[in-house]
Amino acid sequence: MSELAIEAHGLTRRFGELVAVNRLDLAIPAGTIYGFLGPNGSGKSTCLRMLTGLLLPSDGQVTVLGLPVPRQAEALRRRVGYMTQRFSLYEDLSVQENLAFVARVQGLSGRQARERIHELLATHELAALSERLAGSLSGGQRQRLALAAAIVHRPALLFLDEPTSAVDPENRRDFWETLFDLCDTGTSIVVSTHYMDEAERCHGLAILDEGVKRADGSPEQLMNGLGVTVVEVLTTGLRELKRDLLALGEVHSAAQLGLRLRVLVDGRIEQPEHWLRRQLPERLNGAELTRVRPSLEDVFVSRTGASP
Ligand SMILES: Nc1ncnc2c1ncn2[C@@H]1O[C@H](COP(=O)(O)OP(=O)(O)OP(=O)(O)O)[C@@H](O)[C@H]1O
């Protein structure tokens, strides 16, 4: 079996009555990008904070990079990087000064820091911005700086909490290219997200909902093991059709996408297009029904009963 970057058994965190993370088991292979996919409040940040050793679990065992956490959280600190949801750098320091500050905190010598910062400015397209105040950067530039700061000390494991919430699709794509480059050099990456396209890029992922892991595996495994068939219906009167479809016990969900309805039908139903026509002959008279490949969003909806 491949080496594990993170192993957790029964990881739990309570805040008073609320169980934010509920008996989570994890086995995350080293050298991969692993995602936590879930809606707001599903426990993603709480989970990441426990895995970094910053937040004490209420229960459960966690080993990160072979170190038991939180007991060895201090030793772990130098080996992990953490990019939080909010921009946590100094807005009134320049790009270069921010990186120099983080390098000092991480214990790099003056020379090591100078060399590393030079390298990071080049690889993260920050060289031309090195004298700019962090507070004056665009969303995408800030994000590149935050990532560079999180990896100043070359961590073996990098945690990213909803890293691309504030950037446009193009910057998001570039950001993911950088993550794959990092992963290729052996860095393990754990990322939380509520974006399907982002989750789909991960090697493995866990779907979290109300603190509980509803499913895990590679995106392909999750999509293939869905247990539903997806049929797209192109017709008129979609609102009424949706209502009637949802009244059928075998229909797990029906979501409108422009002029189409995306319908998840129980996988035990054979020939779901014909079955649907038989259930609602009048509504589906003249409609176009096409079976399509399940997406990660379908997995998410069927596992959690919610929209991301
Ligand atoms: N320090 C805290 N004290 C009390 N409740 C908390 C605390 N931190 C988190 N929670 C609660 O725990 C639950 C999970 O929150 P968490 O931030 O982990 O979710 P999330 O999936 O990261 O959501 P988001 O995407 O909104 O950050 C929420 O109900 C939240 O209100």
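Residues numbered from 1 in each chain as written. Predicted model: local features only at pLDDT ≥ 70, side-chain atom pairs only at ≥ 80, totals over all residues. Heavy atoms only, no water.

Named according to an unreviewed UniProt entry, the protein is ABC transporter ATP-binding protein originating from Oceanimonas doudoroffii.

**Comments concerning the domain arrangement of the protein**
Examined at the domain level, the protein breaks down into domain 1 (4-222) and domain 2 (226-305). When each unit is reduced to the centre of its C-alpha atoms, the spacing between domain 1 and domain 2 is 37 Å. Taken together, the contact pairs 13 residues of domain 1 with 7 residues of domain 2. A combined buried area of about 890 Å² lies between domain 1 and domain 2, and 76% of that area is made up of carbon and sulfur atoms. Of all residues in domain 1, Met 196, Ile 207 and Leu 222 bury the most surface against domain 2, accounting for 52% of the area lost on that side. Taken together, the connections running from domain 1 to domain 2 amount to 0 salt bridges. In this structure, the connection of domain 1 to domain 2 is made through 0 residue pairs in polar contact (both at pLDDT 80 or more). Elements supplying a minimum of two residues to the side of domain 1 that touches domain 2: α7 (196-200), β9 (204-209), β10 (212-217) and α8 (219-224). (Domains from an automatic or database assignment. Contact = heavy atoms within 4.5 Å. Buried area = accessible area lost by both parts, 1.4 Å probe. Salt bridge = Lys/Arg side-chain N within 4 Å of Asp/Glu carboxyl O. Polar contact = N/O pair within 3.5 Å; in protein donor to acceptor, adjacent residues only side chain to side chain. Helix = DSSP H or I, 4+ residues; strand = E, 2+ residues; numbered from the N terminus.)

**Let's talk about the pairing of strand β8 (residues 188-193)**
Residues in a regular strand project their side chains so that they alternate between the two faces of the sheet. Judged by how many residues are buried, β8 sits mostly within the fold: 6 of 6 residues are covered. Burial along β8 is two-sided: Ser 188, Val 190 and Ser 192 and Ile 189, Val 191 and Thr 193, pointing in opposite directions, are all buried. Bridge count between strand β3 (residues 33-37) and β8: 5 bridges; the pairing is parallel. Paired with Tyr 34 across the two strands is Val 190, which belongs to β8. As judged from the 5 bridges shared by strand β7 (residues 157-161) and β8, these two strands associate in the parallel manner. Bridging from a neighbouring strand, Leu 157 pairs with Ser 188 of β8. A crossover links β7 with its parallel partner β8, the connecting element being helix α6 (residues 169-184), and its sense is right-handed. (Buried < 20%, exposed > 50% of the residue type's maximum accessible area, 1.4 Å probe, protein only. Pairing = 2+ DSSP bridges. Right-handed = clockwise from strand over helix to strand, strands pointing away.)

**What to know about the site of the ligand**
Of all residues adjacent to the ligand, which total 13 residues, the nearest are Gly 41, Lys 44, Ser 45, Thr 46 and Glu 162. Between Asn 40 and the ligand, the recorded distance is 3.2 Å, taken from a side-chain N or O atom to an oxygen atom. At 2.7 Å from an oxygen atom of the ligand is found a main-chain nitrogen or oxygen belonging to Gly 41. Relative to its unbound accessible area of 630 Å², the ligand is 62% covered by the protein chains. Contributions of two or more residues to the shell around the ligand are made by β2 (18-29) and α1 (44-51). Broken down by element, the residue count for the shell around the ligand peaks at 3 residues, all from α1. (Near = heavy atom within 4 Å. Areas by Shrake-Rupley, 256 points an atom, 1.4 Å probe, with all protein chains shown as cover.)

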